[in-house]
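Structural description and commentary
Chain residues, written in single-letter form:
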Amino acid sequence: MSQSRLRRAVVALTALPLLALGAGQAVAAPAPAPAPAAASKVTAIEDEVARTLAASLADPALRERLRTATAAAPAGAELTPLAAGLSGATARGLAATTARADRAVATAKGLGDLGPLLRVQLADPSMRAALDAGAAPLVATAGTDEHARTVRAYDTAGRVRGLDAATLPTRPVYLVDIDTAKALTAGMDLLQRELTARGIAPAASAAPAAVQAAGGWWGTKITSVEVNDDEEPWFKGAAEMFSLVSGFGPDGKVRVDSVAMPYLQYDGTVYYPNQILVNWSNYKYNLADVVLMEDDGDTNYLALAQAVAAVLLTIADQGAYIPLVNAVLAALPTSWWTDDPDYVESWYTLARTSTGRLNGARGNGWMTVEPYWVSQL
């Protein structure tokens, strides 16, 4: 996601005193996160795997196996099983390296061992003909920095080749990336568990009796949604997005529900999910806020849950609805405002009766919604 106009606006937003949280309500600002390293942990792991894979492609059997595997799975072939399926020292070395990398990526994202996470794909379908004709491929990573001018790639001799980030290479390029769909599913489970453990996302509705008496509950359904962007560079893979829906639960405590949106992968594309975004039986007031986020590879779900909970637990119900978007944004680690575009868009004061198109607060996306009655069986 392009963030060229985001950082200055958000820095100004999060620097504001959180007076909107209510008169007399003091909220402690989170401690500043340490400055991010030149490359994130996940990016560094992917880069090392890309270098190892490139050197391994000097093995004709492994090179042919990769060519056929990526043709059969254009969206990405799991790298560890691909290497483990071949004999020979080169394949065994690559399999061991990628298996360690899979575990390291999961740890960097705050997740447990998920098995194979790293995958490889051809950067663009137009490169297939040259690859099939025997052209020697390069290997790069699907980096998170959309503003990079060059892309680091490796050849089979281990040499670094700088590629123009704005121009699709004519030489075939394999991209090493992570299976963000798998990571997102595990991350949503972890996020909800951590928020529940901290008391801001009860496992079940606090008003089941009211739901049973009414014979169902009202929800807000997303009928269409789009995220805008200026340009999607050739080395970027599909994104995986999710929303944090926040408000006050029936017990008067802040509540946050995570909603996976794995279909929302590309900018400039309208999606029609017919997805329930808000279950209003979980909330005390007829208003809630939505923060749309993206797992672009480096999102640490455990850190996200801890940071959000640390801020939201300081906010008390004062008998009227209080917007919570500012508090959620203020809780995000500093590193999430740099190359890794975790924050995408936000919507304030979504109501149960909201209908039609709702533009996001920062102008980077919109969604159309409608009330939806969910009946009990």
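Residues numbered from 1 in each chain as written. Predicted model: local features only at pLDDT ≥ 70, side-chain atom pairs only at ≥ 80, totals over all residues. Heavy atoms only, no water.

Quick notes on the overall build of the protein chain
Applied cut-off: Strands are runs of DSSP state E lasting at least two residues, helices are runs of H or I lasting at least four, and both sets are numbered from the N terminus onward. The classification of residues rests on relative accessible area computed with a 1.4 Å probe and restricted to protein chains. Under 20% of the type maximum is buried, over 50% is exposed, and intermediate values are partly exposed. Note on contacts: a residue pair is in contact if any heavy atoms of the two residues lie within 4.5 Å. Exposure was quantified through the Shrake-Rupley algorithm and a 1.4 Å probe, taking into account, for residues, occlusion by the shown protein chains and nothing else.
Looking only at helices and strands, one finds 10 helices and 14 strands in the protein chain. For the protein chain, buried positions account for 51% of its 377 residues. The long-range fraction of contacts in the protein chain, counting pairs at least 24 apart against all pairs at least 6 apart in sequence, stands at 76%. Carbon and sulfur atoms provide 56% of the accessible area of the protein chain, an area that totals close to 16,000 Å².

Describing the packing of helix 7 (residues 180-197) against helix 9 (residues 301-312)
Formally: Fitting a line to C-alpha atoms yields each axis, with helices limited to the stretch in contact; the angle taken between N-to-C directions then spans 0 to 180 degrees. By the definition adopted for this analysis, an angle is roughly parallel if under 35 degrees, roughly antiparallel if over 145, roughly perpendicular if from 65 to 115, and oblique otherwise. Handedness of a helix crossing follows the sense of rotation of the near helix relative to the far helix, less than a right angle counterclockwise being left-handed and clockwise being right-handed. Under the convention adopted here, Pro, Cys and the residues Ala, Val, Leu, Ile, Met, Phe, Trp and Tyr are nonpolar, Asp, Glu, Lys and Arg are charged, and Gly plus all remaining residues are polar.
It is at 9 Å that the axes of helix 7 and helix 9 come closest, and there the two elements cross at 30 degrees. With respect to helix 9, the element helix 7 is oriented roughly parallel. Crossing handedness for the pair helix 7 and helix 9: right-handed. Contacts between helix 7 and helix 9 involve Ala 183, Leu 184, Gly 187, Met 188, Leu 190, Leu 191, Glu 194 and Leu 195 from the first element and Tyr 301, Leu 302, Leu 304 and Ala 305 from the second. Looking at side-chain class alone, the contact of helix 7 with helix 9 contains 10 nonpolar, 1 polar and 1 charged residues.

What to know about the sheet that holds strand 2 (residues 118-122)
Keep this limit in mind: Following DSSP output, two strands are said to pair if at least two bridges run between them.
The strand order 1-2-6-3-4-5 describes an open sheet built from 6 strands, whose pairing is mixed. With one partner strand each, in any of the chains shown, strand 1 (77-78) and strand 5 (160-164) form the two edges of the open sheet. As paired strands, strand 3 (residues 138-141) and strand 4 (residues 150-154) are joined by 2 bridges and run antiparallel to one another. Note that in strand 4 the partner of Ala 140 across the bridge is Ala 153.

Considering the pattern of salt bridges
Operational definition: Salt bridge, as applied in this entry: a Lys or Arg side-chain nitrogen positioned within 4 Å of an Asp or Glu carboxyl oxygen.
Counted under the stated rule, the structure contains 11 salt bridges. Its salt-bridge partner being Asp 155, residue Arg 159 comes within 3.0 Å of it at the nearest N-O pair. Salt bridges linked by common partners bring Glu 64, Arg 67 and Asp 132 together as one network.

Points about the side chain of Glu 194
Looking at the element boundaries, Glu 194 is found in helix 7. Setting aside residues no more than four positions away along its own chain, Glu 194 makes contact with Leu 302 and Ala 305.

Some points on the sheet that holds strand 13 (residues 356-359)
Read from one edge of the open sheet, 4 strands run 10-7-14-13, paired in antiparallel fashion. The strands lining the two open edges of the sheet, one partner per strand, are strand 10 (275-279) and strand 13. Direction aside, neighbouring strands of the sheet carry axes that sit 40 degrees apart on average. Inspection of the sheet shows strand 7 (residues 216-227) paired to strand 14 (residues 365-375) by 11 bridges, in the antiparallel sense.

With respect to helix 5 (residues 89-108)
Note the threshold: In a helix, the anticipated span is given by 1.5 Å times the number of residues less one.
The terminal C-alpha atoms of helix 5 lie 28 Å apart, and with 20 residues this matches the ideal 28 Å at 1.5 Å per residue to within 8%. For helix 5, the set of buried residues is Ala 91, Leu 94, Ala 95, Thr 97, Thr 98, Ala 101, Asp 102, Val 105, Ala 106 and Ala 108. Within two residues after helix 5, Gly 110 carries a phi angle of roughly 75 degrees, on the positive side.

Here's the deal with the nonpolar core
The cut-off we apply is this: Residue types Ala, Val, Leu, Ile, Met, Phe, Trp, Tyr and Cys, when buried and joined through side-chain atoms within 4.5 Å, form a set referred to as a nonpolar core.
In this structure, Leu 53, Val 139, Val 173, Tyr 174 and Trp 234 are the most contacted members of the largest nonpolar core, which totals 42 residues. For this core, the elements supplying multiple residues, two or more each, are helix 2 (41-56), helix 3 (60-72), helix 4 (79-84), helix 5, strand 2, strand 3, strand 4 and strand 6 (173-178). Counting 36 residues, the second largest nonpolar core, distinct from the first, contains Ile 200, Val 256, Tyr 285 and Val 291.

Quick word on the environment of Val 225
Residue placement: Val 225 occurs in strand 7. Of the residues examined, Val 225 reaches a relative accessible area of 1% and is grouped as buried. Between the alpha carbons of Val 225 and Gly 365 there is a distance of 7.5 Å; along the sequence they are 140 residues apart.

Things to note about the packing of aromatic side chains
Spelled out, the test is: Only Phe, Tyr and Trp rings are paired, with Trp represented by its six-membered ring, and only when their centres lie within 6.5 Å; those with planes under 30 degrees apart are stacked, over 60 edge-to-face, the remainder tilted.
A complete count under the given rule lists 5 aromatic pairs for this structure. On the numbers, 6.1 Å between centres and 85 degrees between planes, the contact of Phe 248 with Tyr 285 is edge-to-face. Pair noted here: Phe 248 is in strand 8 (residues 240-248) and Tyr 285 is in the loop between strand 10 and strand 11 (287-295), with a separation of 37 residues, a long-range link. Ring geometry for Trp 280 against Tyr 283: centres 6.2 Å apart, planes inclined by 65 degrees, an arrangement best described as edge-to-face. Exposure remark for Tyr 283: the relative accessible area of 7% places this residue in the buried category.

Notes on the packing of helix 2 against helix 5
Packing of helix 2 against helix 5 leaves a shortest axis separation of 10 Å and a crossing angle of 170 degrees. On the basis of the axis angle, helix 2 is roughly antiparallel to helix 5. Residues Lys 41, Val 42, Ile 45, Val 49, Thr 52, Leu 53 and Ser 56 of helix 2 form the contact with helix 5, whose participating residues are Thr 90, Leu 94, Thr 97, Thr 98, Ala 101, Ala 104, Val 105 and Ala 108. A breakdown of the residues in the contact of helix 2 with helix 5 according to their chemical character gives 9 nonpolar, 5 polar and 1 charged.

Section: unusual backbone geometry
For Asn 274, which is not glycine, the phi torsion reads 50 degrees and is therefore positive. Along the chain, Asn 274 falls in the loop between strand 9 (254-261) and strand 10. Within the chain, Thr 349 stands out as a residue other than glycine whose phi angle is a positive 45 degrees. Residue Thr 349 is classed as partly exposed on the basis of its relative accessible area, which comes to 39%.

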